[in-house]
Each structure stands twice: as C-alpha cells, then as structure tokens.
Amino acid sequence: MTNDAATATAEATAAEQPALGLGASVASADTRAKSEGTFPYAADLWAEGLLWAAVLRSPHAHARILSVDTSAAREMPGVRAVVTHTDVPGTTTHGRRISDRPVFAHDVVRHHGEPIAAVAADHPDTARLAAAAITVEYELLEPVTDPELAFGAEPLHPDGNLIRHIPLRYGDPDVTGEIVVEGLYRIGRQDPAPIGAEAGLAVPRPDGGVEIYTASTDPHTDRDLAAACLGLEPDRVKVVVTGVPGATGDREDSGFQLPLALLALRTGCPVKLTATREESFLGHAHRHPTLLRYRHHADAEGRLVKVEAQILMDAGAYADASSESLAAAVAFACGPYVVPHAFVEGWAVRTNNPPSGHVRGEGAMQVCAAYEGQMDKLAAKLGLDPAELRMRNVMATGDLLPTGQTVTCPAPVAELLRAVRDFELPGLPKDEPEDEWLLPGGPEGAGEPGAVRRGVGYALGMVHMLGAEGADEVSTATVKVHDGTATVICAAVETGQGFATLARQIVQEVLGIEHVAVAPADTDQPPAGPATHGRHTWVSGGAVERAAKMVRTQLLQPMAHKLGMSTELLQIQDGKITSYDGAFTTTVTEAMAGKELWATAQCRPHPTEPLDESGQGDAFVGLAFCAIRAVVDVDIELGAVRVVELAVAQDVGRVLNPRQLAARIEAGVTQGLGAALTENLRTGGGLVRHPDLTGYALPTALDAPDIRIVKLVEERDVVAPFGAKAASAVPVVTSPAAVASAVRAATGRPVNRLPIRPQAAVVQQATTAG
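Quick look at the structure, then. In this text, all values refer to a predicted model and were calculated from it rather than measured experimentally.

## As for the pairing of strand 27 (residues 641-651)
With 10 of 11 residues buried, strand 27 lies mostly within the body of the structure. The pairing of strand 26 (residues 620-635) with strand 27 spans 9 bridges and is classified as antiparallel. Paired with D633 across the strands is R642, a residue of strand 27. Between the end of strand 26 and the start of strand 27, which pair antiparallel, lie 5 residues, with G639 showing a positive phi angle near 80°. As paired strands, strand 27 and strand 30 (residues 706-713) are joined by 7 bridges and run parallel to one another. Residue E645 lies in a different strand from strand 30, and its bridge partner there is D706.

Below is the structure:
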C-alpha cells in the first residue's frame, strides 16, 4: 500500500510539526517489542504449577442435550477437573446487554461451537483428549437459519426470537417522487479474524477470588460478568489486560474467560487456555449478516424525496450487541444525505447461526452498501454522473438525521466528495506480458486483457462516535509526576487504536514532560469503558487531559503566587515555563525536581437518549464522515476483480498523530476491502464451513491496492476533547460500498451482495479482443 498524498503533506509540514505532544508522529511505545517478538501476549503467559484447559464444543447448530457423561474424562491420568453447567456457582447465563447466553449449554445447544464442558489437565494434549472423551447424547433439532423465517419459528429463547424492532417514521408517508428505484441487498458474515486467537490465564487468589489475565477490551464489564457467574463479589475478581493482538470487537466473548476462571477456582491452580483458530472462529462474535430492501424516491433533478427501507439483521444464537447495531443501521439507513421523508423498519432476530456482535462499523457498514447501491441506480436512471447525483444530496452541519436529531458537529461531506472526485485517476495498465500481474487474478490468472473493464465508483459513509441511546459514557484517568517522569493510569485498553500513544502525547503537550509511561490496564483502576466507537480518544483522552491540566495547575500555582500573577499568565512550551512578559523562565525539569504531583479526573460527554417508538431521538453524541473513490479492473468473462486504487477523504476533526492516523485509515480501508471481495464466514444448516484461515479468505498485502489519503478535513468538533474524531471505523464502513460501486460501473451489473461473487461481475455478452 502507498500513501503518497499523505506522505507529501507530511513532508511539506514536517518543519511545522512538533517533536512531541499533539500533532507529532510519535511512535508507539510497544513498536520495538512487537517487531522483535518480545511483546507479552496472553498466549505467552506462564505461572508455576500451570494447568491447561480445553473446552468441549457442540458439533451441532441446534440440538437438545439428553445427557452428558464426563466419567471417562475424569478417570484419565493427568486430568484435574471437569466442569459443566452444574458446576457454575453463580448465575448460569451472561450477556453484556441481555443475559441470555449460558456459560455451558445444558438443556439446548443453540449454535455450532457452543461450550458444553471444560477440562483442566497437566498437559494441553491431555486436556484436549479428555474433552474429546466426554460423551454427549443429543436429540437433533431443526435449526432456524433463515432470519426471515425466525419470526414464525419455534422460540429459541423464552422471550422469543425477536430481539428488537425499530420502526422509524420521519415526514409524510404519502409523499412520492418522480423517479423511483428499488433494490434488495445482502451483506455476508464478516469475521474479525484477530491476529492472535483468544488466550488467557486464570490464577486463584488466597481470599477465594481469582485473577484473569486476558486480552480484554472492556475489563470492568468482564470482571462483573465473571463475578456474577462465579458467585463472587466483584472486588474478589480481578481482570488484568495482557497484550491485545489487535481488536475490532472480537475480544468481547466472556464465554471464553468464564470456563477458565471456573477451572482455576475448582483446581486451586493457575489454568491456561489457548484457543485454536477453529475455536476462535466458532466462539467469538461476527458482523451481522443483513438483508436490506430499499426504495428511493427522487425528483427529476435527482434530489432525494423519500427513502423506504426494511433491514433484517441476523443476530445468531444470542442477543449480544444486536440492539445497538440495529439502532445504528436504522438511524443511518439514508446515509449522509438530506432526505425529507424516511420510513425504515428494522429488526434483529435470533437464529441458530453463529453469534453476531461488535465488529467495527456495525450496522453502518451494512446500510452504506445498500444506500450507495441505490444512489448508483438513481444516477443510471436519471443519466447523471454518480458523483454529481451524490453532490446534489449531501448532508451538512445543521441538517437533520431521519431520527430528528440535528447534526451539530462538523459535516464537511461535500468537501470530502469533491476531494476524491477531483483527485487524479490512476493510469491504465499496459497491454504487455511483463505487466500481466496488473490483470485481475495476477500473473497466474487465466483471463485475457481484452476482457478487462475499468470502473470508477463512489461511496459516502458515516458512523457515530461513543455509545448511543443513553449509554453512560465516562472514563477516569490519573496522571502522576515524580522527578520529571509522568505516569498515566487509566483502564482504557490499547487495542491497536493508539490510545497509549495518545495519552503520552497529551501529557507531553500539557506538562512539557518528555518521559511519559502508561500503566497496564486492570480492574483495580476506575472504569474506562469498552474500546469501541473511537470512544477512548474522546472520553479517556479527555480524562487524561483534564488530569494533566490539574497537575499543571499544581505545578504552576506556587510560581504564579511568587510572581504575583495567575497561572494563566504562565505557559509551558518546549520543556520550558515562561511568563507572559518573558521576565521569568525556567525548565520543566528544574520545576519538577523533587516534586511528586498527581491528579485524577473524569470525562463524561453530554447525555443521549434512546430512540422512541417512532425511531426519533437525540441518540448520538457525534458523527464522523468519509468519502472514497474506488478504481477497479474487472475481467468480465471470469468475474475476477482487482482493486487498483482507493482514494480516501476523511473528516478527522484534528490530526493528533499523522503517522498513526494514516495507519488507522489504511487498516480500516483494507478491512472493508475484505468485506467487499473475499470475507464471508460460510455456513450450511447453521454449521460453520472451513473455520480456519484457509477457508476464510483474508486480504493480504498482495491484495491491497494503492490507498491514497487525498484529504483530511480538520474542522474541529467543539464538544470533543482536542476536537478530534474517531478515525478507523468510517473507512471500514465506506470502502466496501465504493468497491461495489466501481464494479457496477465496470460491468453494468447490479452487484447487490457482499462479498462480491465472481458470477456477479460476469457479463454474459462479453467478447474477447483478438
């Protein structure tokens, strides 16, 4: 991947960038450890007297459990404990929003890979053999795999199969447009596919509690769920966050941690569990597969009049984050466009498919693919350029969402679209043998150059930041300074999004201290909340800034008192403290010598409210926007697609770390590319087919196109600390829709399914030149 535009901009402004603090390209503190292979991931943990765990998982998607016989496993040499649902001392179910997921299945199995029992043994092979020796007698039940049939199917849970229904009503239902287009869209099941599979270590404590070392992204919630299931008070359970090998929501499966903790308490020994890649695919949550029906109304000039939509999300066996995902899908169903009238029906239902949950851009990504497909259809029917049609309808600050909420944050959507539209297009590949690698399929592809068509497509995406619908967003941070070295204590988890680096930059900026460390996160610290929706940049970063400013006041007050002025008349810059008139100056190092200062602060954004019975309400704190232009080459005989270039313009509020921001955007675009072309966790009868990285096709470096960051709009959001916006989710949301749009342009085919299947890009009447 290249990033020429961003690189050129960085070089042009290098002299203006600070060496430290906000705006500097400060390298991550763990870069060297990760590159050298010494970073301590959960899979690397060890303890004296360690036992190994293994979990028995259901081979069926839906079945009644008639009996579970663990006698053979218990009698195996080296086995120290076998636990099932009867051994759970506290609540037998768990869930972050709805407690509907059992620690171990007992009466009924609801999805392929559901845990039934767990074993602890003195060797990992022994543990796996013992788990396999457990005999379970099943009565197979017909799985509910089609979400459209879930409404009338037998209830999978006591409260039924419907998790949530949101009917959004905005405007006049009788209004119609002169031009009407309809579409049916299907979005596949994308897996987070973490770099490292889940792993953890549980260590019993002398007080009867337990410590859990794992790659948690929300340690306090994980602690509370574990304490409830273990029948313990929360203060007797400690969750320590180990190195997180990347996370896009996949680290939220408490069902992995609970058997581990239970075995540690049962045996009185440390117990380690490292999931196989197959177990990882079966256990954690995936992106919601979604069925979307749309009808767009427009006038003769292409201005949107009304949008009608039906959105059906497959939650899988348990509720998890489906309610929040559905709210985002319904609220953003029209995209970043001005729509005077909107009527959307959204449902999230349970099935016997694999569980769905938090994956970056949940809800927003699915609807973006659909509404942008509709915009392409409108442009074709009206004979308009697709970019021009979008430009006539783009949202701006002060416009209303279909939920009735006013967009008060910066919304430079038109500026973003113009930037990618006007960016120079890439050159055409030469028809030469040495350039065969440029063809779809690469040098070994079977296609002919004469069958290749180039397409250019556009997409505009939007996401919300922080939690929504009344979620209490709060984070607490402490900044301590001793002899000129600062330490940040905050339970915000570094998942690869760059919070630890940002925290260092904030303290450097406020206090002028170069040496800043960030303490590891655990539940002995006050809560900081989950690492989702870019919230740690806003909420936890805001808490760090407030704490650092309080320390700054403590440092400057004695000086200001001695000089007979207020602390506001003293400034800290480039490691120096200077009075407003320049008469007084000293270094921060000298001022800090022998001192120990500290402060704790919270950050809590303004509250939101749940959507009402008509889908109306101020449900979101802030929004972020992105425009992407995709250029693709398609072999219209074989259906092979090569993404040549993705040009990105993004609304970032403020660039806090240029290098880190570019990396986050590139990563998000590439994750979206996988959703567009290759990533789909296939199932049959509810059973996951090929749950491994051979059967699940992730894009590699060879698949990644040129990613050109052509514009970063720095229009600061005044209610956000530093004015910055979340950066990584919105390119994930937007890039699949842009790729699909470009394939439509190249083939003239509707392309209404993601990932794009080869047959969807084949033009039957294609002829080969020569």
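From this point on, the discussion continues.
## Observations regarding the sheet that holds strand 25 (residues 596-603)
Ordered in space as 21-20-19-25, the 4 strands form an open sheet in which the pairing is mixed. On the outer flanks of this sheet lie strand 21 (516-518) and strand 25, each paired with one strand and no other. Within this sheet the neighbouring strands show an average axis-to-axis angle of 20°, counted without direction. Note that strand 20 (residues 485-490) and strand 21 share 3 bridges and pair parallel. In the strand pairing of strand 21, T487 is matched with A517. Each of strand 19 (475-482), strand 20 and strand 21 touches helix 12 (residues 499-511); the most contacted strand, strand 21, lies at about 145° to it. Its contacts with the sheet put helix 13 (residues 535-563) on strand 19, strand 20 and strand 25, and the angle it makes with strand 25 is roughly 145°.

## Details of the packing of helix 5 (residues 219-230) against helix 6 (residues 254-267)
At a minimum axis separation of 10 Å, helix 5 and helix 6 run at an interaxial angle of 50°. Viewed along their axes, helix 5 and helix 6 adopt a mutual orientation that is oblique. For helix 5 against helix 6, the interelement crossing comes out right-handed. Here D222, L225, A226, C229 and L230 of helix 5 come into contact with helix 6, specifically with S254, Q257, L258, A261, L262 and L265. A class-by-class count of the residues in the contact of helix 5 with helix 6 yields 8 nonpolar, 2 polar and 1 charged.

## Points about empty space enclosed by the protein
Applying the stated criterion to the full structure yields 10 cavities of 30 Å³ or more. Around the largest cavity sit 38 residues that line it, and Q497, G534, T537, A727 and S728 are the ones nearest its centre. When residues of the lining of the largest cavity are traced back to their parent elements, those giving at least two are strand 18 (452-468), helix 12, helix 13 and helix 15 (658-677).

Thresholds, definitions, all that
Residues numbered from 1 in each chain as written. Predicted model: local features only at pLDDT ≥ 70, side-chain atom pairs only at ≥ 80, totals over all residues. Heavy atoms only, no water. Buried < 20%, exposed > 50% of the residue type's maximum accessible area, 1.4 Å probe, protein only. Helix = DSSP H or I, 4+ residues; strand = E, 2+ residues; numbered from the N terminus. Pairing = 2+ DSSP bridges. Axes fitted to C-alpha atoms, helices over the stretch in contact; angles between N-to-C directions. Contact = heavy atoms within 4.5 Å. Parallel < 35°, antiparallel > 145°, perpendicular 65-115°, else oblique. Left-handed = near helix turned anticlockwise from the far one by under 90°. Nonpolar A, V, L, I, M, F, W, Y, C, P; charged D, E, K, R; others polar. 1 Å grid on protein atoms, 1.4 Å probe; cavity = no way out; pocket = protein on both sides within 12 Å on 5 of 7 lines; lining within 4 Å. Points joined across faces, edges and corners; volume = space filled by probe spheres on them.

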